[in-house]
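What the coordinates show
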Amino acid sequence: EGPYGTAPADEDTDDDACGDGSEVLHALDPLDGLDFPDANTSMRVDFDDFLLLVAAYGATPATAGWDARVDFDGTIEITFDDLMILAAGYGNDCL
């Protein structure tokens, strides 16, 4: 059992597209689905993810520009809270 109560060989306990073993290796929490907000699935939280969020900022499913990939907090609106989640994970990678 790993330091977070998961087996590092588990695929992805928190469903954030970064496997448990990689999260432990990079000092991320394999039980925290918000520590790796990689919207474009590049395996890095970087400027490209930020650009996706900026393009969708303020959008809801009923408005133009909606992108569920950057609704990190699941509130069905792209808000400052989503930006803060992205900022907290910025620079993380899962390579």
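You'll find the structure just up there.
The present account deals with the structure reproduced in this document. For clarity, every value in this text was computed on a predicted model and none was experimentally measured. (Residues numbered from 1 in each chain as written. Predicted model: local features only at pLDDT ≥ 70, side-chain atom pairs only at ≥ 80, totals over all residues. Heavy atoms only, no water.)

Our focus in this paragraph is the overall build of the chain. Secondary structure assignment for the chain yields three helices and zero strands. Reading the helices (α) and strands (β) of the chain from amino to carboxyl end gives α-α-α. The proportion of buried residues among the 95 residues of the chain is 34%. In the chain, once contacts between residues fewer than 6 apart in sequence are set aside, the share between residues at least 24 apart is 34%. If you sum the accessible surface of the chain, you get close to 5200 Å²; carbon and sulfur atoms cover 57% of it. (Helix = DSSP H or I, 4+ residues; strand = E, 2+ residues; numbered from the N terminus. Buried < 20%, exposed > 50% of the residue type's maximum accessible area, 1.4 Å probe, protein only. Contact = heavy atoms within 4.5 Å. Areas by Shrake-Rupley, 256 points an atom, 1.4 Å probe, with all protein chains shown as cover.)

On the surface, Phe47, Leu51 and Tyr90 cluster together into a nonpolar patch covering about 310 Å² of accessible area. Its location among the elements puts tyrosine 90 in the segment after α3 (80-89). Residue tyrosine 90 is classed as partly exposed on the basis of its relative accessible area of 45%. (Patch = residues over 30% accessible without salt bridge, like charges linked within 9 Å, V, L, I, M, F, W, Y side chains within 5 Å. Salt bridge = Lys/Arg side-chain N within 4 Å of Asp/Glu carboxyl O.)

Inspection of the entire model under this criterion finds one disulfide. Each disulfide pairs two cysteine sulfurs, and for cysteine 18 the partner residue is cysteine 94, the sulfurs being separated by 2.1 Å. The disulfide joining cysteine 18 to cysteine 94 has a torsion of about 95° about its S-S bond and is therefore right-handed. In this pair, cysteine 18 is assigned in the segment before α1 (20-25) and cysteine 94 in the segment after α3, connecting sequence segments 76 residues apart. Like cysteine 18, the residue cysteine 94 is buried in the burial classification. (Disulfide = S-S within 2.5 Å.)

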